[in-house]
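A structural walkthrough
Given next are the chains, with one letter for each unit.
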Amino acid sequence: MLESEICTMSRPDTERSERSLQIEAMMKKKHLSKSALAEKMHTSRSALNRLLDPANVSITLQTLERVALALGKRLKIELA
């Protein structure tokens, strides 16, 4: 999860969709298009689309860190 957005969830599918919603909300807040965010992440728009896809279970911590940095955030992993 991103540092400023903390949620507690019990189901992995909920966590994935929450991840997508958080990223999209931050993109909107910063007025960033998918193309602009992908450029800031040094990746393609199709790779960003995979990141935002709640059904995608193969997101790496490195990718999450890159999106966090591109959005001016830090990645915070928490076990609860």
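Please read these numbers as outputs of a predicted model, since none were measured by experiment. (Residues numbered from 1 in each chain as written. Predicted model: local features only at pLDDT ≥ 70, side-chain atom pairs only at ≥ 80, totals over all residues. Heavy atoms only, no water.)

1. Some words on the overall build of the protein
Put simply, the rule is: Working definition: helices are DSSP H or I runs of at least four residues, strands are E runs of at least two. Numbering for both runs from the N terminus. For every residue, the accessible area obtained with a 1.4 Å probe (protein chains only) is divided by the maximum for its type, and the residue is called buried under 20%, exposed over 50%, and partly exposed between those limits. Contact criterion: two residues are considered in contact whenever any of their non-hydrogen atoms come within 4.5 Å of each other. The method behind every accessible area is Shrake-Rupley, applied with a 1.4 Å probe, and residues are considered shielded solely by the protein chains displayed.
Summing up its helical and strand segments, the protein has 4 helices and 0 strands in all. Mapped from its N terminus to its C terminus, the protein presents α and β elements in the order α-α-α-α. Out of the 80 residues belonging to the protein, those deemed buried represent 26%. For the protein, the share of sequence-separated contacts (at least 6 apart) that also reach a separation of at least 24 residues comes to 53%. In the form shown here, the protein has an accessible surface area of approximately 5500 Å², with 52% of it arising from carbon and sulfur atoms.

2. Focus: helix α4 (residues 61–70)
This is how it is decided: Here the arc refers to the set of directions running from the helix axis out to each C-beta atom.
All of the buried residues along α4 are Leu-64, Val-67, Ala-68 and Ala-70. For α4, the angular spread of buried residues about the axis comes to 165°, placing them on one side. Looking at α4, the residues exposed on the side facing more than 90 degrees away from the buried face are Leu-61, Gln-62 and Leu-69. After α4 finishes, the residue Gly-72 shows a positive phi value of roughly 75°.

3. A closer look at the pattern of salt bridges
This is how it is decided: We define a salt bridge as a contact between a side-chain nitrogen of Lys or Arg and a carboxyl oxygen of Asp or Glu at a distance within 4 Å.
On inspection of all chains with the given rule, the structure shows 1 salt bridge. Its salt-bridge partner being Glu-78, residue Lys-76 comes within 4.0 Å of it at the nearest N-O pair.

4. A look at the confidence of the model for the protein
This is how it is decided: For every residue, the predictor reports its confidence as pLDDT, a number between 0 and 100.
Averaged over all residues, the pLDDT of the protein equals 85, while 81% of them reach at least 70. The least confident element of the protein is helix α1 (residues 12–29), whose mean pLDDT is 86; the most confident is helix α2 (residues 34–41), at 97. Scored below 50 in pLDDT, residues 3–10 shows 14 contacts in the model against residues more than four places distant or in partner chains.

5. A look at unusual backbone geometry
Despite not being glycine, His-31 has its phi angle at roughly 55°, a positive value. In this structure, His-31 sits in the loop between α1 and α2. Unusually for a residue other than glycine, His-42 sits at a positive phi of about 60°. Structurally, His-42 is set in the loop between α2 and α3 (45–52). A relative accessible area of 72% means that His-42 is categorised as exposed.

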